[in-house]
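# A look at the structure
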Amino acid sequence: MRVGIEQLETLIAVCDAGSFVGAAVQLHITTGAVSQRISALEKQIGHPVVARNQPVTTTEIGRELLQMARQSLLLQQETEARLADVLHAADPTVRISLAVNADSLSTWFRPVVQTVAAEQRVLLDLRIDDQDRTADLLRSGSVLAAVTTHADPVPGCSAEALGSMRYLPVCSPAIAPPPRQRLAGYLSTTPMLQYESRDALPLDFLARFGVTVPPPAHFIPSNREYFDAVCLGLGWSVLPEGQVRSALDDGDLVLLHRTARLDVTLYWQRWRIASTTLDDMSEMVHRAAAGSLHR
């Protein structure tokens, strides 16, 4: 079975855009041409590769093809870049898709983005999701590498420990508990903040103090606005150490407990393919993690 690169590019575009119309815009072709390419691919494979829902999703066969498509496209782009260097032509674009959690992106992962910006050799396609779910994006073929809490490698991938990201329990001085109030009582009655309903970190902190019934929660699925809301006194939460250090020094936030903390171990998982771009990205990620995460 040989699948053309044009069909693979179309499959990637459909999955990324979530629709045939969006893929057509990305590829600068008609929606009918997108449909024809996918239909031809399905005829060649002998099996549907996408479910034509809103948004479009991949079938099991489609997920396998999507993984191959992203790897093949990356290797093709790298080859084109090497040839351009030899021929002194304009460098083509090398795009790499990564999954990372929002807290990492706003703290220790920033030097990775800074290095990519300085070198201007790679276009990043960052997918933001909870660190417990980023490995699912590897399994689905949506990304080539991910920062995740899963130590067991996804099939076809390698997994390496990066270190632990430390979270501290904080709140605004305006809603700080009175000196003699038991912390468990405060936590169970004072509103808390969560990134979204599946955000488990505040719940894990509650469990440390025996609180089994969580208080009312505000949901703010935006890293910067989440931090601002805690500073404004909307509720308490657990925030990355690197994000709150300055606010604690300035008195904009206070610790709810002097020694309590949550350490979340992170791993770098990537596809096991011979890719200089992935190798370079992995080196950047490990270097940034070594400078900020706890061992």
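For the structure itself, look to the data block above.
First things first, this report covers the structure right here in the doc. Since the model is a prediction, treat every value here as computed from it, not as a measurement.

Definitions and cut-offs
Residues numbered from 1 in each chain as written. Predicted model: local features only at pLDDT ≥ 70, side-chain atom pairs only at ≥ 80, totals over all residues. Heavy atoms only, no water. Helix = DSSP H or I, 4+ residues; strand = E, 2+ residues; numbered from the N terminus. Contact = heavy atoms within 4.5 Å. Areas by Shrake-Rupley, 256 points an atom, 1.4 Å probe, with all protein chains shown as cover. Lys, Arg positive; Asp, Glu negative; His and termini not counted. Charge placed at Lys NZ, Arg CZ, Asp CG, Glu CD. Core = buried A, V, L, I, M, F, W, Y, C linked by side-chain atoms within 4.5 Å. Buried < 20%, exposed > 50% of the residue type's maximum accessible area, 1.4 Å probe, protein only. Phe/Tyr/Trp six-rings, centres within 6.5 Å; stacked < 30°, edge-to-face > 60°.

### Comments concerning the overall build of the protein
- In terms of helices and strands, the protein carries twelve helices and eleven strands.
- Across the protein, the fraction of contacts at a sequence separation of at least 24, relative to all contacts at a separation of at least 6, is 72%.
- Put simply, the protein shows about 14,800 Å² of open surface, and 52% of that area lies on carbon and sulfur atoms.
- Mean positive and mean negative side-chain charge positions of the protein (26 and 32 charges, respectively) differ by 3 Å.

### Regarding the nonpolar core
- Membership of the largest hydrophobic core comes to 51 residues, with the highest contact counts inside it found for Trp108, Leu162, Leu187 and Trp236.
- Per-element tally for this core: the top contributor is helix 12 (residues 276-292), with six residues.
- Leave out the neighbours within four places in its chain, and leucine 187 touches Phe205, Leu206, Phe209, Val211, Pro215, Trp236 and Leu256.
- Ranked by size, the runner-up nonpolar core spans 20 residues in total, among them Leu8, Ile12, Leu41 and Val49.

### Regarding the packing of aromatic side chains
- If you walk through the whole model with that rule in mind, you get four aromatic pairs.
- On the numbers, 6.5 Å between centres and 35° between planes, the contact of tyrosine 195 with tyrosine 226 is tilted. Of this pair, tyrosine 195 sits in the loop between strand 7 (192-194) and helix 9 (201-208) while tyrosine 226 sits in helix 10 (residues 223-231), placing them 31 residues apart in sequence.
- Residue classification places tyrosine 195 among the partly exposed residues on the basis of a relative accessible area of 26%.
- The rings of Phe205, Phe209 and Trp236 are connected pair by pair, giving a single aromatic cluster.

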